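Read off the chains here:
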There are 2 protein chains.
Amino acid sequence: MSLQDHKNLNIVPFVSVDHMMKIVLEIGVEEALVGITEYLEEDFRRWKLFDKTPRVASHSHEGVIELMPTSDGDIYGFKYVNGHPKNTKDGLQTVTAFGVLSDVHTGYPVLLSEMTILTAFRTAATSALAAKYLAPKNSECMAIIGNGAQSEFQALAFKAILGIKKLRLYDIDPVATKKFVFNLESKGFEITVCDSAEQAVQGAQIVTTVTADKQCATILTDNMVGAGIHINAIGGDCPGKTELAAGILERSDVFVEFPAQTRIEGEIQQLDADHPITELWQVITGQAKGRTDPRQITLFDSVGFAVEDFSALRYIRDQLEATGQYQDLDMLADPDEPRDLFGMIMRAAPVH
Amino acid sequence: MSLQDHKNLNIVPFVSVDHMMKIVLEIGVEEALVGITEYLEEDFRRWKLFDKTPRVASHSHEGVIELMPTSDGDIYGFKYVNGHPKNTKDGLQTVTAFGVLSDVHTGYPVLLSEMTILTAFRTAATSALAAKYLAPKNSECMAIIGNGAQSEFQALAFKAILGIKKLRLYDIDPVATKKFVFNLESKGFEITVCDSAEQAVQGAQIVTTVTADKQCATILTDNMVGAGIHINAIGGDCPGKTELAAGILERSDVFVEFPAQTRIEGEIQQLDADHPITELWQVITGQAKGRTDPRQITLFDSVGFAVEDFSALRYIRDQLEATGQYQDLDMLADPDEPRDLFGMIMRAAPVH
């Protein structure tokens, strides 16, 4: 954390959207995904020491605005994120986000960053990290159902972390699939465009569901899911929004990030509150088993948790010195004498 | 909200510390305090429609970091604020803060602002607003016990809103009082520097306690408080931090901002959880009585609440167009096609 030594503590480095694009392009998208996955794995290993709380949500008729805070005792972080499904038709993002890291010992913010792009990276990296522990060995083929804004990041994370070579794509809107193919056709995948979700899952060891519908939908029906696959369920991420038939959940071993949040927001909101689940950090630390049988169906019921944003922000912070991609914000008042806030303002007055 | 029309929704106006100083200097400190008090009064009048929750605190050995969100159904706001009493000895601010306003209908942030300075204004304006309804008629003299960073703002707010002309000052550190006198000696007050809190309260109709100690302290003992005064208690604002003897509380009519928070953080943490209190919004809307008797002791047990920050941010937002004191931040990713976040990043790559 070399920026810790930043001389003027009242100045906070800010990573804009443009800076974030330049950082990931300079590092390389796959390399950034690998880097973020490493930071995630480190933080999942020390999961127990984080101050964890379900996100603080403010719901409205049209969407939700959430704050997601956490702390490891040295660094505090939070993300602001909205979810407004109706935004797309107005040409706006469904999800926008920004985040902050602070020094727990002084309370001073030390980083402000855009997180619309960074959230896409951390979500894909978290999926790939879970699959590293849960997917069948030597998985080569992944189905991606839902080819929206998150889908390319998922594909590249699974390529970089698990060596996925073959993609089977389906979206109810062929335009979304076309965009995906255009974006990734030169990235070394063998891509098959499918006419249905049923066709997409055929032969895939990993099935990623990442649709954006806000209602309960059944993207995967029970008869579509055979033995020995890993399901990476991303889209079921708020109350009333699910993607999988309940029958699939009952045949699967379910792995989650933070049970208190997943019970409310994840696929398992369809199940009883005491349905057995395993926490991902337990698998990563070896305290619980991941995949134990090649015929087992594993399900990562991902809703996104504050610690993951914290890891991603830590990663970005550690890239600032090398890339120089940030600007200084005059964000914190810093009078010469801490008790003289009023005098500081008066001394800023122009001399006539 | 003319900035609502801001063409590029991905750009968020940012008010830096320097901008904030220029805004309040251009408007005038007392005029800004009056303006913020008007916005506060408007929001206290519609108190019931706000989405209210106690602040979300992350405690550490050295301090606390808090998020304070609220929403009126159209605008969402939150403040980030830390409290680190030990910071002063390292030459840092005990409290730093920044805040955000967002459009509830899109979830897009529409303002990012420093709030270290703005919090000082809103705290003083809230005190003055409460006193407008609770202090003895024609109060002219205020004692201020604790002459730190918040004290000058309190004095000017009470001058601007209530017509306070005489100040009686006391601080355990004479240097703090000296700073206060230096800062405000040309502002039209008759100032008396006192040797003790006991001396300071003599003849004052209003007593403001605004010390910064983190432990339970007794700034005012029971025998120092006579009939017919208004106590404006600012410093007791976190668990274990109080300023007044319990006996004073028992002889007073207690007025609070948000009971769920004040019971934990305010002076009344010393009393039973069912001790009768009145909410300030009820007095302002006429649903409850404020001062009913000239001999009554009224106590505003202030801890600060999210709605007050919301009001202050609204006020600042409405000053941006006229003052031009803000800068544009490239904070929200905005691809031409909402589902093509990945393509947006790729197209940002330099062409070789």
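Here's what I pulled together on the structure shown here. (Residues numbered from 1 in each chain as written. Chains lettered and ligands numbered in written order. Predicted model: local features only at pLDDT ≥ 70, side-chain atom pairs only at ≥ 80, totals over all residues.)

Let us now look at the sheet that holds strand β12 (residues 253-256) of chain A. All names here are of chain A. Spatially, eight strands are ordered β9-β8-β7-β10-β11-β14-β12-β13 in an open sheet, and the strand pairing comes out parallel. Lying at the two open borders of the sheet, with one neighbouring strand each, are β9 (190-193) and β13 (278-279). Taken together, the two bridges between β12 and β13 define a ladder with parallel strand orientation. Its bridge partner being in β13, V256 is matched across the sheet by E279. Each of β10 (206-209), β11 (230-233), β12 and β14 (298-301) touches helix α3 (residues 116-134); the most contacted strand, β14, lies at about 160° to it. In the packing of helix α4 (residues 151-162) onto the sheet, contacts are made with β7 (141-145), β8 (166-170) and β10, and the angle to β7 comes to roughly 170°. (Pairing = 2+ DSSP bridges. Helix = DSSP H or I, 4+ residues; strand = E, 2+ residues; numbered from the N terminus. Contact = placed C-beta atoms within 7 Å. Axes fitted to C-alpha atoms, helices over the stretch in contact; angles between N-to-C directions.)

In this complex, chain A contributes 68 residues to the contact, which on the side of chain B involves 68 residues. Considering only residue class, the side of chain A that touches chain B consists of 34 nonpolar, 24 polar and ten charged. (Nonpolar A, V, L, I, M, F, W, Y, C, P; charged D, E, K, R; others polar.)

For the rest of this paragraph, the subject is the environment of A:A312. Residues and elements named next belong to chain A. Within the secondary structure, A312 sits in helix α10 (residues 306-317). Using a count of 29 C-beta atoms within 10 Å as the deciding quantity, one classes A312 as buried. Taking the C-alpha atoms as reference points, A312 and E62, separated by 250 residues in sequence, lie 28 Å from one another. Not counting chain neighbours up to four residues away, the residues in contact with A312 comprise I36, L118, F121 and R122. (Buried ≥ 20, exposed ≤ 12 C-beta atoms within 10 Å, placed from the backbone.)

All names here are of chain B. Most of strand β7 (residues 141-145) sits out of view: four of its five residues are buried. Direction of pairing for β7 relative to strand β8 (residues 166-170): parallel, over a ladder of five bridges. Looking at β8, one finds that A143 is bridged to R168. Handedness of the crossover joining β7 and β8 through helix α4 (residues 151-162): right-handed. Sheet analysis places β7 next to strand β10 (residues 206-209), joined by four bridges and oriented parallel. By the bridge assignment for β10, M142 is matched with I206. (Right-handed = clockwise from strand over helix to strand, strands pointing away.)

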